[in-house]
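# Topology and contacts: notes
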Amino acid sequence: MTARGKFVLTLLILGLAGFGTWKWWNKLAPTSLKQASATVNWGPAANPNKATPPATDKAAAATVSPLVAETETEVPKLPQASAFQPKDNVVLLELSEYAGYAGLIVANGGMEPSENSVFFKKHGFKVKITLSEEESWPALNTGKIAASATTVDVLPLYGRQFQVVVPAQIGFSRGADGVVVRKDIKRINHLKGRVLATSQFTEADFFIRYLAQEAGLGIHMLSGLSDTPDAEKLNLVYCKDAFSAGDLFLKDIKEDSGVLAGCVTWAPKTSEVAQQSGGKASVLATSVNLLIIADILVVNKGFAQQHPEMVAGLVEGLIEGNRQVRENQSACLDTVAKAFKWDREKAKAELGKVHLSNLPENQAFFSGSIDSAGSYSGIYQSAVIAYGNSLIKDPVDGDRFLELKNLKTLADSGAYKDQKVAIAPIRMGGGTSPEDPLLSKDIRFLFEPNSFSLRIEQKENQKNLEAIKQLLQVSPGSTILLRGHVDNGMVDEFRKKGGDTFVRQMALKALELSKNRAGEIKRLLIERYQIDGARIETVGRGWEEPSGTDNEQNRRVETQWFTLE
């Protein structure tokens, strides 16, 4: 065949191959590419700034991402429990890379078993600490490890299948968890109908559920980014971990997809997303002054029953390690840095994001007497409510996990008698302005008609007072503004009776009544709960700001919650 003939034959073969590819492409294309070309459900809630679907491939591609995980509709089942058995007098303790566990590491003198540790010197056993970012609950339940650490909100999720005891609190997160949102979002209430990315069944999931609950927003779980958001709820899409949630939101911002309104993640990802967003996102809220993310020690139940002396040693080691870090942080930095493969500066910075609990703070946390942070029972019950009946179908009493005798023994010994509860607000600077509350919620108190005398015997009134108290309790330094309202149902009648002049006269009386009603709530909060009056402001708005057409709903006190950031 001549060279020209070979050339013509080659062109013919290539042409046939190209036609075949075009003809059969839809059947041969990879599934992921087919999914990426799917239509996005762009409703007002998903993308409020765009009235019509954007005609770009980026929007379609945003529906499929390796960062997105499958949404679980029920809590994972744990394997059958069995007791941990120590070998060579060594207790296995598994933790994650988090400065809040510094006290345990310092008490052990590092990660490896040591005769120089607090555990061996005082109680005669050694501890081996390992790090893992994987969920350790199956290993803890089956006795592959003796103990671990988690947050209180995890306990009601797993319930009675989780065979562990809680002998002590480790500390509070003070900024490790946060909500990062687009710049136009100023409070949690503005997330209605919007979509956030986070990690399921983690403290990040609980953190946003708690805030939504306080703002009166329901939660709708999406199975993926292409699901249509619920316009009346806060919508959550889940990623394989909290860092991935931050990456997904940052990707959404940079590609201008507009699907996500924000993410819930933890440090350092919170600040990274805000800094790399090009000014399009900011941190709305963190756990710096919202102390509902509480770390606790969890111990395999069978091991605790068989070796109570070792559990006593773990508790005393924790309290002693926390004391050493609190009182002489500089001397502990090298040990902490080596354990987590950090340098001293990072170790110092990360320790600034946690509060390590001492003995009296432990006792106050579990008794509920602490007045500047969340309590065990308060956080536990908040998690039950936040996750709801669909996920926690048969909640168990939180007390079933508690084994606090070792804390009492330490207190009775007088070893830490000089320690005091010392949890103070942290002023970060920047963040939310004083004019922007973290959230607002309408609370209907039942007053006597045309009076600011509260029906204090009403259970609903007592419940509402308690709810306001808890807002102030879990967030040191926070303040509330009570905005009193009355209904506007008689305005037309007033106008018929005396014209606009009479309406103005009655408006002034309504203003005074609404102010007095807010003032009555403040008085009761101070008298019943000894709340500092400087943390409560009041204002009367009369009938100027109706919440709707329902007169009963308009007779209310709106609570705006201002946290320090």
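Only a predicted model underlies this, so the values are computations on that prediction, with no experimental measurement involved. (Residues numbered from 1 in each chain as written. Predicted model: local features only at pLDDT ≥ 70, side-chain atom pairs only at ≥ 80, totals over all residues. Heavy atoms only, no water.)

Looking only at helices and strands, the chain has 20 helices and 16 strands in total. Counting the 565 residues in the chain, one finds 51% classified as buried. When contacts within the chain are restricted to residue pairs at least 6 apart in sequence, those whose partners lie at least 24 apart make up 79%. About 26300 Å² of surface is accessible on the chain, with carbon and sulfur atoms providing 51% of the total. (Helix = DSSP H or I, 4+ residues; strand = E, 2+ residues; numbered from the N terminus. Buried < 20%, exposed > 50% of the residue type's maximum accessible area, 1.4 Å probe, protein only. Contact = heavy atoms within 4.5 Å. Areas by Shrake-Rupley, 256 points an atom, 1.4 Å probe, with all protein chains shown as cover.)

With respect to the element layout, Glu 214 can be found in helix 8 (residues 203-214). A distance of 2.8 Å separates the side chain of Glu 214 from the side chain of Lys 441, its partner in a polar contact. Once residues within four sequence positions are removed from consideration, Glu 214 is found in contact with Leu 439, Lys 441 and Leu 471. (Polar contact = N/O pair within 3.5 Å; in protein donor to acceptor, adjacent residues only side chain to side chain.)

Let us now look at the confidence of the model for the chain. Put simply, the chain has an average pLDDT of 85, and 83% of its residues get 70 or more. Note that residues 19-62 has pLDDT below 50 and, in this model, 44 contacts with residues that lie over four places away or in other chains. Note that pLDDT drops below 50 for residues 430-434; the model gives that stretch five contacts with residues more than four away or on any other chain. (pLDDT = per-residue confidence, 0-100.)

The next point concerns the pairing of strand 3 (residues 147-151). For strand 3, a buried count of five out of five residues is recorded, marking the element as mostly surrounded by other parts of the structure. Alignment of strand 3 against strand 11 (residues 294-300), held across five bridges, turns out to be antiparallel. In the strand pairing of strand 11, Thr 150 is matched with Ile 296. (Pairing = 2+ DSSP bridges.)

Another aspect to go through is the sheet that holds strand 7 (residues 218-221). A sheet is described by the order of its strands in space; here six strands give the open sequence 7-8-6-9-5-10, paired in mixed fashion. The open sheet terminates on both sides in strands that have one partner only, identified here as strand 7 and strand 10 (281-286). Going across the sheet, the axis of each strand differs from the next one's by a mean of 30 degrees, ignoring polarity. Where strand 7 meets strand 8 (residues 233-239), four bridges bridge the pair, whose relative direction is parallel. (Axes fitted to C-alpha atoms, helices over the stretch in contact; angles between N-to-C directions.)

In this section: the sheet that holds strand 16 (residues 557-562). The strand order across the open sheet formed by four strands is 13-16-14-15, and the pairing between neighbours is mixed. Where the open sheet ends on each side, the last strands, each with one partner, are strand 13 (439-443) and strand 15 (536-540). If you compare each strand with its neighbour and ignore which way they point, the axes differ by 20 degrees on average. Direction of pairing for strand 13 relative to strand 16: antiparallel, over a ladder of five bridges. Directly across from Ile 443, in strand 16, lies its bridge partner Val 557.

One can find His 307 in the loop between helix 11 (301-306) and helix 12 (308-327). Residue His 307 is classed as buried on the basis of its relative accessible area, which comes to 18%. Once you skip the residues sitting within four places of it in the chain, His 307 turns out to touch Gln 85 and Pro 86.

Grouped together as the largest cluster of nonpolar side chains are 134 residues, with contacts concentrated most on Leu 155, Phe 162, Ile 188, Leu 196, Leu 211, Ile 521 and Trp 561. In terms of residue count, the dominant contributor to this core is helix 16 (residues 376-391) (eight residues). Counting residues in each nonpolar core, the second largest holds 19 residues, with Val 180, Leu 248, Leu 250 and Ala 274 among its members. (Core = buried A, V, L, I, M, F, W, Y, C linked by side-chain atoms within 4.5 Å.)

The next thing to look at is the packing of aromatic side chains. Tallied over the entire structure, the rule returns 14 aromatic pairs. Note on Phe 365 and Phe 366: the rings are 5.0 Å apart at their centroids and 75 degrees apart in plane angle, and the pair reads as edge-to-face. Each member of the pair, Phe 365 as well as Phe 366, is classed as buried. Through pairs of rings, three or more aromatic residues link up here, namely Phe 172, Phe 365, Phe 366, Tyr 376, Tyr 380 and Phe 401. (Phe/Tyr/Trp six-rings, centres within 6.5 Å; stacked < 30°, edge-to-face > 60°.)

Another point: the pattern of salt bridges. Using the criterion set out here, one finds 22 salt bridges in the structure. Residue Glu 255 is joined to Lys 251 by a salt bridge in which the shortest nitrogen-to-oxygen separation is 3.3 Å. Assessed through its relative accessible area of 31%, Lys 251 is described here as partly exposed. Of the charged contacts in the structure, one is a salt bridge between Arg 323 and Glu 320, with a shortest N-O distance of 2.5 Å. (Salt bridge = Lys/Arg side-chain N within 4 Å of Asp/Glu carboxyl O.)

Moving on: the environment of Phe 206. Mapped onto the elements, Phe 206 comes out in helix 8. Separated by 87 residues in sequence, Phe 206 and Ile 293 have C-alpha atoms that sit 8.6 Å apart. Those residues in contact with Phe 206 that sit more than four places away from it in its chain are Asp 153, Ile 292, Ile 293, Ile 379, Ser 382, Ala 383, Ala 386 and Tyr 387.

Turning to the layout of surface pockets, a few remarks are in order. If you add up the space inside the largest pocket, you get close to 1300 Å³. Taken together, 47 residues make up the lining of the largest pocket; nearest its centre are Ser 96, Glu 133, Thr 202, Glu 203 and Trp 266. Mapped by element, the contributors of at least two residues to the lining of the largest pocket are strand 1 (90-95), strand 3, helix 7 (154-158), strand 8, helix 9 (242-254) and helix 14 (344-351). By residue number, the principal contributor to the lining of the largest pocket is strand 3, which donates four residues. Across the lining of the largest pocket, the residue classes tally to 22 nonpolar, 10 polar and 15 charged. Counted as a void, the second largest pocket has a volume near 760 Å³. (1 Å grid on protein atoms, 1.4 Å probe; cavity = no way out; pocket = protein on both sides within 12 Å on 5 of 7 lines; lining within 4 Å. Points joined across faces, edges and corners; volume = space filled by probe spheres on them. Nonpolar A, V, L, I, M, F, W, Y, C, P; charged D, E, K, R; others polar.)

Where helix 15 (residues 359-367) meets helix 17 (residues 405-413), the axes come as close as 10 Å, and the angle between the chain directions of the two elements is 135 degrees. It follows from the interaxial angle that helix 15 and helix 17 lie oblique. The interaxial crossing formed by helix 15 with helix 17 has left-handed handedness. Where helix 15 abuts helix 17, its residues Leu 359, Asn 362, Gln 363 and Phe 366 lie against Leu 407, Leu 410 and Ala 411. Residue composition of the contact of helix 15 with helix 17, by class: five nonpolar, two polar and no charged. (Parallel < 35°, antiparallel > 145°, perpendicular 65-115°, else oblique. Left-handed = near helix turned anticlockwise from the far one by under 90°.)

In this section: the state of the cysteines. Overall, the coordinates contain zero disulfides when judged by the stated rule. Of all cysteine sulfurs, the one in Cys 263 lies closest to Cys 239, which takes part in no disulfide; the gap is 8.7 Å. The class of Cys 239 is buried, set by a relative accessible area of 3%. (Disulfide = S-S within 2.5 Å.)

This part takes up the environment of Pro 476. With respect to the element layout, Pro 476 can be found in the loop between helix 18 (459-473) and strand 14 (479-484). Between the alpha carbons of Pro 476 and Ser 372 there is a distance of 5.1 Å; along the sequence they are 104 residues apart.

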